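The chain contents come next:
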Amino acid sequence: MAPVDPHSYTDGDHPVTAKAALAFYLDFAASTIHASALLTLSAPHSGDLLLDTRSLTVHSASTASDPPDTIPFSLADADADAADPVLGSALTLTLPPDTTTFLLTFSTSPSASALQWLSPPQTASSLPFVFSQCQSIHARSVFPCHDTPAARITFSLLINVPTQLSAVAAARHVSRRDPLPSDHRGACDDALWCAPGRIVEEFEMEQSVPPYLFAFAAGGIGFRDLGPRTRVYAEGGDKVLDEAAREFSGVEEMVKVGESLFGPYEWERFDLLVLPPSFPYGGMENPRMVFLTPTVIKGDTAGAQVVAHELAHSWTGNLITNKTNEDFWLNEGFTTYAERRIVEVVQGEERAALNMGIGWRGLNRMMERFKDNMEFTKLKPKMAGIDPDDVYSEVPYEKGFQFLWRIERQIGRPAFDEFLKNYISTFKFKSIDTETFLEFLKTNVPGIENQIDLQLWVEGTGIPPDAMEPDSAIYKKICSLAAEFKSGKLPSEDEVADWSGQEWELYLENLPTDVEASQVTALDQRYKLSESRDYEVKVAFLQLAIPTGCRCYFNEVEKCLKQVGRMKYLRPLYSSLARCSGEEKMLAHRIFSEAHEFYHPIARSVAESILSKHG
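Residues numbered from 1 in each chain as written. Predicted model: local features only at pLDDT ≥ 70, side-chain atom pairs only at ≥ 80, totals over all residues. Heavy atoms only, no water.

A few points about the packing of aromatic side chains
Then, number 1: For the coordinates displayed, the defined rule picks out 47 aromatic pairs.
Then, number 2: Between Tyr337 and Phe416 the ring centres are 5.2 Å apart and the planes differ by 75 degrees, which places this aromatic pair in the edge-to-face class. Taken together, the residues span a long stretch of sequence, with Tyr337 in helix α5 (residues 328-347) and Phe416 in helix α8 (residues 413-427) at a distance of 79 residues.
Then, number 3: Taking relative accessible area as the criterion, Phe416 reaches 0% and is therefore assigned buried.
Then, number 4: When the ring of Phe401 is compared with that of Trp405, the centres are 5.6 Å apart and the planes differ by 25 degrees; the resulting orientation is stacked. Placement of the pair is Phe401 and Trp405 together in helix α7 (residues 395-411), with a separation of four residues, close to one helical turn. (Phe/Tyr/Trp six-rings, centres within 6.5 Å; stacked < 30°, edge-to-face > 60°. Helix = DSSP H or I, 4+ residues; strand = E, 2+ residues; numbered from the N terminus. Buried < 20%, exposed > 50% of the residue type's maximum accessible area, 1.4 Å probe, protein only.)

A closer look at the UniProt feature "binding site: Zn(2+)" (unreviewed entry) in the protein chain
Then, number 1: As recorded in UniProt, the sites labelled "binding site: Zn(2+)" (unreviewed entry) are His309, His313 and Glu332. Sequence-wise these annotated residues cover 24 residues; spatially they are packed, their C-alpha atoms never more than 9.1 Å apart.
Then, number 2: Within the element layout of this structure, His313 appears in the loop between α4 (304-312) and β18 (320-322).
Then, number 3: Setting aside its immediate chain neighbours within four residues, His313 contacts Glu285, Asn318, Leu319, Asn331, Glu332 and Thr335.
Then, number 4: Position of Glu332 relative to the elements: it lies in helix α5.
Then, number 5: Residue Glu332 is classed as buried on the basis of its relative accessible area of 1%. (UniProt positions renumbered as here; feature names shortened; annotations may be inferred. Contact = heavy atoms within 4.5 Å.)

Regarding the pattern of salt bridges
Then, number 1: By the definition in use, this model includes 44 salt bridges.
Then, number 2: Here Arg224 and Asp242 are joined by a salt bridge, their closest N and O atoms 3.1 Å apart. Placement of the pair is Arg224 in strand β13 (residues 221-227) and Asp242 in helix α2 (residues 238-247), with a sequence separation of 18 residues.
Then, number 3: When salt bridges with common partners are traced through the structure, they connect Lys477, Glu484, Lys489 and Glu495 into a single cluster. (Salt bridge = Lys/Arg side-chain N within 4 Å of Asp/Glu carboxyl O.)

Re the nonpolar core
Then, number 1: The biggest cluster of nonpolar side chains holds 189 residues, and the ones touching the most others in it are Phe216, Phe248 and Phe437.
Then, number 2: Broken down by element, this core gets its largest block of residues, eight residues, from helix α15 (residues 535-545).
Then, number 3: If you look at the next biggest cluster of nonpolar residues, it comprises eight residues, including Met366, Met383, Val391 and Val395. (Core = buried A, V, L, I, M, F, W, Y, C linked by side-chain atoms within 4.5 Å.)

Let's talk about the domain arrangement of the protein chain
Then, number 1: Assigned domains within the protein chain: domain 1 (17-219), domain 2 (320-459) and domain 3 (514-614).
Then, number 2: Placing the centre of domain 1 and that of domain 2 at their C-alpha centroids yields a distance of 33 Å.
Then, number 3: The partner domain 2 presents 15 residues to the 13 residues of domain 1 that form the contact.
Then, number 4: Together, the buried faces of domain 1 and domain 2 total about 1100 Å²; carbon and sulfur atoms form 49% of this surface.
Then, number 5: Per-residue buried area on domain 1 facing domain 2 is highest for Val86, Pro149 and Arg152; these three make up 40% of the total on that side.
Then, number 6: Joining domain 1 to domain 2, the criterion identifies zero salt bridges.
Then, number 7: Among the residues forming the side of domain 1 that touches domain 2, the class breakdown is six nonpolar, six polar and one charged. (Domains from an automatic or database assignment. Buried area = accessible area lost by both parts, 1.4 Å probe. Nonpolar A, V, L, I, M, F, W, Y, C, P; charged D, E, K, R; others polar.)

Observations concerning α5
Then, number 1: Its 20 residues give α5 an end-to-end C-alpha distance of 27 Å, which sits within 8% of 28 Å, the value for a rise of 1.5 Å per residue.
Then, number 2: The buried fraction of α5 is high, at 16 of 20 residues.
Then, number 3: Downstream of α5 by one or two residues, Gly348 has phi in the positive range, about 105 degrees. (Expected span 1.5 Å × (residues − 1).)

With respect to the pairing of strand β11 (residues 198-209)
Then, number 1: The element β11 is largely enclosed, with a buried count of ten among its twelve residues.
Then, number 2: Bridge count for strand β8 (residues 153-162) against β11 is nine bridges, and the pairing is antiparallel. Residue pairing for β11: Ser156 is matched across the bridge by Glu204.
Then, number 3: As defined by bridge partners, strand β10 (residues 172-177) adjoins β11 across five bridges and the pair is classed as antiparallel. When the bridges of β11 are listed, Arg172 appears paired with Glu204. (Pairing = 2+ DSSP bridges.)

If you want it as structure tokens, here you go:
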């Protein structure tokens, strides 16, 4: 066997799935999808073929011929407790000679790691809701696949839901229509598929994408148009939709800026879906349908920054994709760079500098987090046997950004812009590794390896000496005010009069960690940071307050952990509580025991590992 990815059973000597025709019957009562997948390989194949699965029940496998022939299959370690904790279970099919297309029927588990099922009491619409989150290696819990970004697929998707619900997907919407018995290819009984009160939403994705970008949601979803190719969807009714439409009103302009910087937008539409508060990420760059946490709706259009990042992925990440998670910086470093270029045009250089400053602090914080395992401070770490969710961090984002910024400073922005457009047009709709990028860089920027230590940047641990802290007047001013806090000086109301959430976030990130409880409460009494609507500010403040023993903030910490499932907030708050002794640690365990059902399975697993690590 020739593995192509440490996180997949995919055999590099065999063809991979090139197209999937999927039919999903959503059973909300059982938190289960009954499904079929007609899979087409990139080339004919005979004999054993391995697919990735996690917690799937496979019912049948057959040829696509008429009549079909049964295909022998086995599911290794089908018992969830016996499956590999990172890879899941390998599905081995024994294909007849020269097989190109075959059919699988299967059901997901209620504990599928990609899916969160919300009951009517958990939603704003009082209707059931389900959404997927397949990054990094969770598509295998939704359908059997070669779950590696090295294997890009096109797909069609039928989603059968109750008529009072709507479905969306990261694909072109074809139609909403009555179910037909011929639709489902054995996903379930005809009577179930065509039952009264059911409707089918049909989607088609003609551009190839890595499996982690497969995405859908279904529930009480409404929408507002933002522009000719932009629309915002949300669960939660008119109030959420109106707030979201105001927050993201500039999205069409951002798409145009992206095109001017990076070349044509290849995905036709750029729509947004605001998910319930349990969504575990700030945003997920699913093509044509970006998924967002409601915490990005801040009331001042600052949430557009997260959208700028997800938009930038339309070129770097979705169009060109990392080949494995060991090359994750190719997705996130490039996208962080591209995001800041978009922000610079749309919101100005000072805003981009603030963005960079927050990233610089985050990168330094990651050095402390991984001080006992510096492998994960490399741009290209070795990750065999490692769950990508366990080591997800700002390193690929911010160290990747710093690497690209270093190249830009060396060759100048005009030359780097030309290089970037050439890079995107050369590798679009392909998955590449770090070595391919470096070869392309050395070929197109001759002599760059003599000017920048490329090996140190990619293979070295820590922050290279030629990385650079951002330099701007407002950044320096905020850092200076933060340094004065140690001696008891709070910023004056005049000094913070025009601060938005980002300025406060940068200020709080730069405060010393060994502050007194009295200093923390004095700051909060003056500026009410613990009550901020901006969760970036609120969580940064609470993270500062917890180690001081300020029990007066326990209620705010508890509300935050019970109302929002975004891992960016869960990680620091649970970590800060768990690292303390006594009451704080007990509080962390109590909150988790009461809130864990609210969290998406990915977030739940991360919180569990934090509490387990700290006892």
